Amino acid sequence: MFPKKTFLSVAGILAATLLVSACSSGGDTGGSASPVTPGGTSAATDATPATVSIDPANATGISPTTPIVVKAANGKLTDVTVTNSKGKTVAGKLATDGTSWTNTEVLGYAGTYKVVAHAQGTDGKPVEKDGDITTVSPKKQANANLIPAPSAVKSTGVGVGQPIVFSFATAVKNKAAVEKALSVESSPKQDGSWYWMDDKNVHYRPKEYWQPNTTLTVTAKIYGVDFGNGVFGAEDRTETYKVHDSWIAKADGNTEQMQIFHNGSMVKTMPISMGKDATPTHLGPHVISFKSANYTMDSCTYGVCPPDPKAYRSDEKFSERISNDGEFVHENPNSVGQQGSSNVSHGCINLNAANASWFFQNFGLGDVVEVTNSGGPQLPVWDLYGDWSKSWADWQKGSAL
């Protein structure tokens, strides 16, 4: 049996222990603490209002190709509507995770667009965001005109020397921006580059002549591109060209003969007469740009008019233009006696009737006539298709990029 004093001390200790336990238990069950999720994060932390952004936001004068991007954070987009001033809805696509939306339909020039976006946050509450966008209003719009016209060579294709030319009616100030929007894809793949002849014309040629049977896909994605001086691209364009067999004529002023090569093999030789000393034929590769079975040649078309002694006007057969200053390959019955022995023309390459007819039947747009030993100057790069007069290194310097 314990003494009385000892019994009371043990009882006091037990009572104190129970009191402390009761206080601790009461603090844990109070209403001030948040429940804990299985991942260890409180539900209150996840319940956050959504925030919505529109880019570009309340912008003016933007390119119509600039994408409208709507994003939601701490939630998901429920719907996005973009309408123009006439109430027409612009097509768009919502991301699979619901956090972003982008228009899939390009905008128009000089347009005002209303953006209305709705989202729901993790707190379950809806959020709305509005914005206005205005696109640029061009002073002028420029089309990408292609030379040769695709319709003109659809059935025949083009020769291995054919440059691809984009010609713009309005001068291009921002050449680099426009050039970035242009492309020529060749199959099989061949290296090529652009060269600006002037402010309106840009040419594309490969490092070497095109390989026969090459397919060229030519694209101008100029819609929305700033040409400078208030001019913008009017519309995109894509065309396809086919390169036919290789036809190359090699005209030699020393031998007064022209050798014909088909896909690299010589198939014919014919006597010729080229430009006389006063009007020598240009040196270098020439590219055929035009042909006509009956054609009136008039020196006045390139500025040599009567009473200039170099002026002429005559009707010729089987004519194929090889430069813009009056050089053709054509039949000339008046020089048959000199063909094969001396140069007597105004710069053209003269043939007899049989050879001119054969040449006309086999050579067409983009085929090549290489002139050597004519006594003339080099064909200028700017003279229609003088593209091949430049070395590859010099040609690449003509690019704005």
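Parameters and conventions
- Residues numbered from 1 in each chain as written.
- Predicted model: local features only at pLDDT ≥ 70, side-chain atom pairs only at ≥ 80, totals over all residues.
- Heavy atoms only, no water.
- UniProt positions renumbered as here; feature names shortened; annotations may be inferred.
- Disulfide = S-S within 2.5 Å.
- Buried < 20%, exposed > 50% of the residue type's maximum accessible area, 1.4 Å probe, protein only.
- 1 Å grid on protein atoms, 1.4 Å probe; cavity = no way out; pocket = protein on both sides within 12 Å on 5 of 7 lines; lining within 4 Å.
- Points joined across faces, edges and corners; volume = space filled by probe spheres on them.
- Helix = DSSP H or I, 4+ residues; strand = E, 2+ residues; numbered from the N terminus.
- Nonpolar A, V, L, I, M, F, W, Y, C, P; charged D, E, K, R; others polar.
- Pairing = 2+ DSSP bridges.
- Axes fitted to C-alpha atoms, helices over the stretch in contact; angles between N-to-C directions.
- Core = buried A, V, L, I, M, F, W, Y, C linked by side-chain atoms within 4.5 Å.
- Contact = heavy atoms within 4.5 Å.
- pLDDT = per-residue confidence, 0-100.
- Phe/Tyr/Trp six-rings, centres within 6.5 Å; stacked < 30°, edge-to-face > 60°.
- Lys NZ or Arg CZ within 6 Å of the ring centre and 35° of its normal.

The name recorded for the protein in an unreviewed UniProt entry is Ig-like domain-containing protein, from Amycolatopsis rhabdoformis. Under the heading Pathway (unreviewed entry), UniProt records this for the protein: "Cell wall biogenesis; peptidoglycan biosynthesis."

**Let's talk about the state of the cysteines**
Applying the stated rule across the entire model yields one disulfide. Paired through a disulfide, Cys-300 and Cys-305 show a sulfur-sulfur distance of 1.9 Å. Judged by the sign of its S-S torsion, about 135 degrees, the bond between Cys-300 and Cys-305 is right-handed. A relative accessible area of 32% means that Cys-300 is categorised as partly exposed.

**Section: empty space enclosed by the protein**
Following the criterion strictly, the structure yields one cavity of 30 Å³ or more and no others. In this model, the largest cavity occupies a volume close to 60 Å³. Sort the elements by how many residues they give to the lining of the largest cavity and strand 22 (residues 290-298) lands first, with four residues. Among the residues forming the lining of the largest cavity, the class breakdown is five nonpolar, three polar and two charged.

**Re the pairing of strand 24 (residues 328-331)**
Here strand 24 shows a buried face lined by Phe-328 and His-330 and a second buried face lined by Val-329 and Glu-331. Pairing analysis gives two bridges linking strand 23 (residues 313-321) to strand 24, with the strands arranged antiparallel. Looking at strand 24, one finds that Glu-320 is bridged to Val-329. Between strand 23 and strand 24, which pair antiparallel one after the other, the connecting turn spans six residues, and Gly-326 there sits at a positive phi close to 95 degrees. With three bridges joining them, strand 24 and strand 25 (residues 349-351) adopt parallel strand pairing. Bridged to Glu-331 within strand 25 is Leu-351.

**Comments concerning the sheet that holds strand 19 (residues 257-262)**
Ordered by their spatial adjacency, five strands build an open sheet running 20-19-18-26-21, and the pairing between neighbours is mixed. The sheet is open, and its two borders are formed by strand 20 (265-271) and strand 21 (284-287), each paired with just one other strand. Each strand of the sheet is rotated relative to its neighbour by a mean of 20 degrees, with strand direction disregarded. Of the strand pairs in this sheet, strand 19 and strand 20 are connected by six bridges, and their pairing is antiparallel. Considered in strand 20, the bridge of Gln-259 is made with Thr-269.

**Brief notes about the nonpolar core**
The biggest cluster of nonpolar side chains holds 49 residues, and the ones touching the most others in it are Phe-166, Phe-168, Phe-227, Met-258, Ile-349, Phe-359 and Val-369. If you tally residues by element for this core, the top one is strand 18 (residues 247-252), at four residues. Discounting residues that sit within four places of it in the chain, Phe-168 has contacts with Asn-143, Ala-144, Val-178, Trp-196, Lys-200, Val-202 and Phe-227. Counting 19 residues, the second-largest nonpolar core is a separate cluster that includes Ile-54, Val-80, Trp-101 and Ala-119.

**Side note on the confidence of the model for the protein**
When pLDDT is averaged across the protein, the result is 90; 89% of the residues are at 70 or more. With pLDDT under 50 throughout, residues 1-44 is counted as low confidence; its partners more than four residues away or in other chains account for eight contacts.

**A closer look at the packing of aromatic side chains**
Throughout the structure, instances matching the rule amount to 15 aromatic pairs. Between Phe-168 and Phe-227, the ring centres sit 5.4 Å apart and the planes meet at 85 degrees, which makes this aromatic pair edge-to-face. Taken together, the residues Phe-168 in the loop between strand 10 (164-167) and helix 3 (175-180) and Phe-227 in strand 15 (residues 226-228) connect sequence positions 59 residues apart. This pair shows no difference in class: Phe-168 is buried, exactly as Phe-227 is. Seen from their ring centres, Trp-247 and Trp-358 are 6.0 Å apart, and the 75 degrees between their planes marks the pair as edge-to-face. Placement of Trp-247 in strand 18 and of Trp-358 in helix 4 (residues 353-362) is noted, with a sequence separation of 111 residues between them. For Trp-247, a relative accessible area of 11% translates into the label buried. One aromatic cluster is present, built from ring pairs that chain together Phe-166, Phe-168, Trp-194, Tyr-204, Trp-210 and Phe-227. The positively charged end of Arg-205 is found above the aromatic ring belonging to Trp-395, 5.1 Å away from the centroid.

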